[in-house]
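Below, each chain spelled out in residue letters.
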Amino acid sequence: MKWIIPALWLAAILFAHFRGKVRIPLHRQLLDHSVLLAPVNAFMILLSKVPTTPYLDNSYLPGLKKLDDNWETIRDEALSMAELRHIKAAQKNDDIGFNSFFKYGWKRFYLKWYDARHPSAEELCPRTVALLREIPEIKAAMFAELPAGGKLNAHRDPYAGSLRYHLGLATPNDDRCFIRVDGEIHSWRDGKSVIFDETYVHDARNDSEDNRIILFCDVERPMRYGWAQAFNRWFGRVVMSAASAPNDGGDQTGAINRLTHLHWVIDQKRRAFKNWNKTVYKATKFGLIALVIVGFILI
């Protein structure tokens, strides 16, 4: 009986791993952050009301047409944010969902994140925020920038309760600037949108000479049953809201990202200690490991 839960968890991990044509190495999959939500993700995919293909036709989420129809209004506010350099990397290593992306040039400006408030977006991008409020199925949104030469390595996002929507705002309009989802390529174009399932392995590149800015949204996945939809909504509100990250000091930082920032601060002190004296650092490190082992033996 005690092996049922680990067995189901492993089955959910393997379900995610073998889903689709493109896979990351199994050893990396087993250590990937997405394994934490593997059982939840299997539930979301198996009870999805919409197709579970890498890309979806926009007709499955008709409410998003409002964004397509107002793309120039959204673009103008995005360009203003870019000019003011508000589209940027996290300043305090407090964005657990995207910390690994920043080193490759990717940047963002949050417009919405589940139930967390971003007063900076409300003040600086009122028209885009107003449009997003008219579409309740949008749970998260941001302006995302990928400069010339920027890239995102192959990965899968951790939560299957949403689908990803990209709307081209100021793009190179060039096939060298693209996203690849489960091996299928989509090149961004101004005013054109695409919907895909971000739990498939995907990567992105901008091999052109121009910058790329898009509207990036997470849209609640429609579920087959009302109770499953209610669970998806509850999970997003309680768990995903805790991963909110700020644009500036006036925005809300979720509990998960407060811990992420604390871990970063501690790690900076660890690095400083190591640089001060590597011999003392190693002795301290192995001494602490020995204490933990002895503690387990005594227990």
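Criteria and cut-off values
- Per-chain numbering applies: the sequence of each chain, read as written, is numbered from 1 onward.
- Given that this is a predicted model, residues contribute local features only at a pLDDT of at least 70 and side-chain atom pairs are listed and counted only at 80 or more, while totals for whole chains, interfaces and linings are drawn from all residues.
- As a rule here, side-chain values cover all heavy atoms of the structure and leave hydrogens and water aside.
- UniProt positions are given in the numbering used here, feature names are shortened, and annotations may be inferred rather than shown by experiment.
- Under the scheme used here, helices are H or I runs from DSSP no shorter than 4 residues and strands are E runs no shorter than 2 residues, and both carry numbers assigned from the N terminus.
- Remark: exposure states derive from per-residue accessible area (1.4 Å probe, protein chains only) relative to the maximum for the residue type, with buried under 20%, exposed over 50%, and partly exposed in between.
- Contacts: residue pairs with any heavy atoms within 4.5 Å of one another.
- We get accessible surface area from the Shrake-Rupley algorithm with a probe of 1.4 Å; when it comes to residues, only the shown protein chains can shield them.
- Any two strands are treated as partners once DSSP identifies two or more bridges connecting them.
- Here the axes come from fitting lines to C-alpha atoms, over the contacting stretch only for helices, and the angles between their N-to-C directions go from 0 to 180 degrees.
- Without a salt bridge and with relative accessible area above 30%, a residue can belong to a patch; like charges are then joined within 9 Å and nonpolar side chains (Val, Leu, Ile, Met, Phe, Trp, Tyr) within 5 Å.
- Here, a salt bridge means any side-chain nitrogen of Lys or Arg that lies within 4 Å of a carboxyl oxygen of Asp or Glu.
- What sets the label is the angle itself: under 35 degrees gives roughly parallel, over 145 gives roughly antiparallel, 65 to 115 gives roughly perpendicular, and the rest give oblique.
- Two helices that cross are described as forming a left-handed crossing if the nearer one is turned anticlockwise from the farther one by less than a right angle, and a right-handed crossing if clockwise.
- Here the arc refers to the directions that run from the helix axis out to each C-beta atom.
- To pair, rings of Phe, Tyr and Trp, with the six-membered ring standing in for Trp, must have centres within 6.5 Å; the planes then decide the type, stacked if under 30 degrees apart, edge-to-face if over 60, and tilted in the middle.
- Think of it as a cone above the ring: NZ of Lys or CZ of Arg counts as a charge over the ring if it is within 6 Å of the ring centre and within 35 degrees of the ring normal.

The name given to the chain in an unreviewed UniProt entry is Lipid A hydroxylase LpxO, with the source organism recorded as Corticimicrobacter populi. One UniProt comment on the chain, placed under Sequence similarities (unreviewed entry), says "Belongs to the aspartyl/asparaginyl beta-hydroxylase family."

Asks: In this structure, what is going on with the overall build of the chain? I would like to understand it.
Replies: Each helix and strand in the chain was counted, giving 10 helices and 10 strands. The buried share among the 299 residues of the chain stands at 46%. The contacts of the chain with a sequence gap of at least 6 include a subset with a gap of at least 24, amounting to 75%. In the structure as shown, the chain presents an accessible area of about 15500 Å², 61% of it carried by carbon and sulfur atoms.

Asks: Would you mind showing me how to read the sheet that holds strand β3 (residues 138–146) here?
Replies: Backbone-to-backbone hydrogen bonds join strands into a sheet, with any given pair of strands oriented parallel or antiparallel. Sheet architecture is open: 6 strands sit in the order β1-β8-β5-β10-β3-β2, paired in antiparallel fashion. Because the sheet does not close on itself, it has two edges, and the strands there are β1 (55–56) and β2 (107–113). Along the sheet, helix α7 (residues 126–133) makes contact with β2, β3 and β10 (212–220), crossing β2 at roughly 50°.

Asks: What is the right way to look at the side chain of aspartate 218 in this model?
Replies: Structurally, aspartate 218 can be placed in strand β10. Each residue touching aspartate 218, except ones within four places of it in the same chain, is listed here: Glu137, Ile138, Lys139, Ala140, Ser162, Leu163, Arg164 and Glu198.

Asks: Is there a simple way to think about the pairing of β10 in this case?
Replies: The side chains of a regular strand alternate, first on one face of the sheet and then on the other. The element β10 is extensively covered by neighbouring structure, given that 9 of its 9 residues are classed as buried. Neither face of β10 is left uncovered, since the one carrying Arg212, Ile214, Phe216, Asp218 and Glu220 and the one carrying Ile213, Leu215, Cys217 and Val219 both have all their residues buried. Two elements, β3 and β10, share 8 bridges in a ladder whose sense is antiparallel. Looking across to β10, one finds that phenylalanine 143 is bridged to leucine 215. Direction of pairing for strand β5 (residues 162–170) relative to β10: antiparallel, over a ladder of 8 bridges. In the sheet register, arginine 164 faces β10, and the bridge partner there is aspartate 218.

Asks: What is the right way to read a nonpolar patch on the surface from this model?
Replies: On the surface, Leu10, Leu14, Phe18, Leu26, Leu30 and Leu31 cluster together into a nonpolar patch covering about 570 Å² of accessible area. Where the nonpolar patch is concerned, the elements lending two or more residues are α1 (4–17) and α2 (26–31). With 3 residues, the single largest contributor to the nonpolar patch is α2. You can see leucine 14 is positioned in helix α1.

Asks: Teacher, can you tell me more about the packing of helix α5 (residues 71–83) against α7 here?
Replies: Two quantities define a packed helix pair, namely the angle between the axes and the distance from one axis to the other. The interhelical angle for the contact between α5 and α7, taken along N-to-C directions, is 135°, at an axis separation of 8 Å. When the axis of α5 is compared with that of α7, the two are oblique. Where α5 crosses over α7, the handedness of that crossing is left-handed. Together, Thr73, Ile74, Asp76 and Glu77 of α5 and Pro126, Arg127, Thr128 and Leu131 of α7 make up the contact between the two elements.

Asks: In this structure, what is going on with α7? I would like to understand it.
Replies: Every α-helix winds through 3.6 residues per turn, so residues three or four apart in the chain are directed the same way. Residues Thr128, Val129, Leu131 and Leu132 constitute the buried set of α7. Viewed along the axis of α7, the buried residues span an arc of 160°, placing them on a single side of the element. Buried positions along α7 lie against α4 (65–69), α5, β2, α6 (119–124), β3 and β10.

Asks: Help me understand the packing of aromatic side chains, please; the structure alone is not making it clear to me.
Replies: Here the distance between the centres and the angle between the planes together describe a pair of aromatic rings. Considering all chains together, one arrives at 13 aromatic pairs under this definition. Ring plane angle 65° and centroid distance 6.4 Å describe the contact between tryptophan 234 and phenylalanine 235, whose orientation is recorded as edge-to-face. According to the relative accessible area criterion, tryptophan 234 is partly exposed, its value standing at 40%. The aromatic ring of tyrosine 200 is capped on one face by arginine 19, whose charged end is 4.0 Å from the ring centroid.

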